[in-house]
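# Descriptive structure summary
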Amino acid sequence: MREARTILQLLRERGKKRLPLERVYRLLFNPNLYLMAYGKIYRNHGAMTRGTTQETADGMSKDKIATIIDAVRHERYRWKPARRIYIPKKDGRKRPLGIQSWSDKLLQEVVRLILEAYFEPQFSPHSHGFRPERGCHTALREIYHNWVGTVWFIEGDISKCFDALSHELLLSILGETIKDERFLRLISGLLKAGYLEEWRWNQTYSGSPQGSLCKALHKLPYAKWKAMQSKCKKSLKLLHCCPIYFA
């Protein structure tokens with residue numbers, strides 16, 4: 001059984017060469033990836049917060065990993081709907097937040113590790129948001145050293161980023177380089193799992209819950225760029241003329 005770090009390094013090498021990914025789904029059968037995923041998320045504040053089931057990180061075990069892998073192997077794994085709550089925003093409005101069940105969080109983190117390892121080498125060096133060892137400070141450092149004499153900075157935000165992106169568009173973007181229908185079907189099932197609000201199930205036709213670990217899908221700069229191209233081509237005429245910093 002390959003070590004998780006070895007698997008992710010191989011994915012990075014394919015990403016650097018922009019080679020398509022095939023037979024990705026079978027990587028989900030490796031328990032070492034789940035142990036790595038657990039190590040990354042068990043300290044999160046939400047790890048002990050229940051979703052639509054009673055399970056939390058407190059009940060984690062190797063037997064649970066084996067159960068998840070068995071369900072995934074036979075394509076019996078079913079994503080559970082997120083439990084929706086609302087948190088206050090600075091402007092007084094409320095932001096919807098989706099709380100996933102623990103098993104879903106764990107499997108989503110494994111999916112995120114795979115996608116991040118493959119896509120990370122392909123991202124622009126000017127992109128700093130939602131990337132390992134990057135963030136606001138690395139963006140500011142680059143601006144400080146390279147943007148000498150710059151007078152104007154334009155700040156922008158994508159309205160309802162989590163709510164508005166098309167599932168079909170997102171899956172088609174992933175399908176351009178990921179040639180594994182089972183892996184894509186698993187992600188499609190996650191996007192369409194819906195959410196419970198006041199214990200009533202609601203279908204999701206677009207977007208994904210904020211708070212979901214697979215928000216990484218929506219935060220891939222490539223996916224975001226493609227989605228923006230399809231919805232606001234006129235605005236992109238300006239964006240083509242300058243670097244874009246996601247932070």
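With that settled, the discussion passes to the packing of aromatic side chains. A ring pair, where both rings are aromatic, is described by two values, the distance of the centres and the angle of the planes. For the structure on display, the rule yields five aromatic pairs. Note on tyrosine 25 and phenylalanine 29: the rings are 5.8 Å apart at their centroids and 90° apart in plane angle, and the pair reads as edge-to-face. Exposure class is identical for tyrosine 25 and phenylalanine 29. Each is buried. Taken together, a centroid distance of 5.1 Å and an interplanar angle of 75° make the contact between tyrosine 118 and phenylalanine 119 edge-to-face. Overall, phenylalanine 119 belongs to the buried group, its relative accessible area being 4%. Within the aromatic cluster, the residues linked to one another by ring pairs are Tyr38, Tyr42 and Trp102. Positioned above the aromatic ring of phenylalanine 29 is the side chain of arginine 73, whose terminal nitrogen or guanidinium carbon lies 4.5 Å from the ring centre. Sitting over the ring of tyrosine 195, arginine 84 keeps its end group 3.8 Å from the ring centre.

Here the focus is the sheet that holds strand β3 (residues 94-99). Backbone-to-backbone hydrogen bonds join strands into a sheet, with any given pair of strands oriented parallel or antiparallel. Spatial strand order, β3-β2-β5-β6: four strands in an open sheet with mixed pairing. Either end of the sheet is taken by a strand with one partner, and the two such strands are β3 and β6 (200-202). Taken over all neighbouring pairs, the strand axes of this sheet differ in orientation by 45° on average, direction set aside. Bridge count between strand β5 (residues 195-197) and β6: three bridges; the pairing is antiparallel. Bridge pairing links tyrosine 195 to asparagine 202 in β6.

This part is about the pairing of strand β2 (residues 82-88). Looking at chain direction, β2 and β5 are connected through two bridges and run parallel. Note that in β5 the partner of alanine 82 across the bridge is tyrosine 195. Examined bridge by bridge, β2 and β3 share six bridges and lie antiparallel to one another. Bridge pairing in β3 places proline 88 opposite lysine 94. Count of turn residues in the β2/β3 antiparallel hairpin: five residues, of which glycine 92 carries a positive phi of about 95°.

Rules used in this analysis
- Residues numbered from 1 in each chain as written.
- Predicted model: local features only at pLDDT ≥ 70, side-chain atom pairs only at ≥ 80, totals over all residues.
- Heavy atoms only, no water.
- Phe/Tyr/Trp six-rings, centres within 6.5 Å; stacked < 30°, edge-to-face > 60°.
- Buried < 20%, exposed > 50% of the residue type's maximum accessible area, 1.4 Å probe, protein only.
- Lys NZ or Arg CZ within 6 Å of the ring centre and 35° of its normal.
- Pairing = 2+ DSSP bridges.
- Helix = DSSP H or I, 4+ residues; strand = E, 2+ residues; numbered from the N terminus.
- Axes fitted to C-alpha atoms, helices over the stretch in contact; angles between N-to-C directions.

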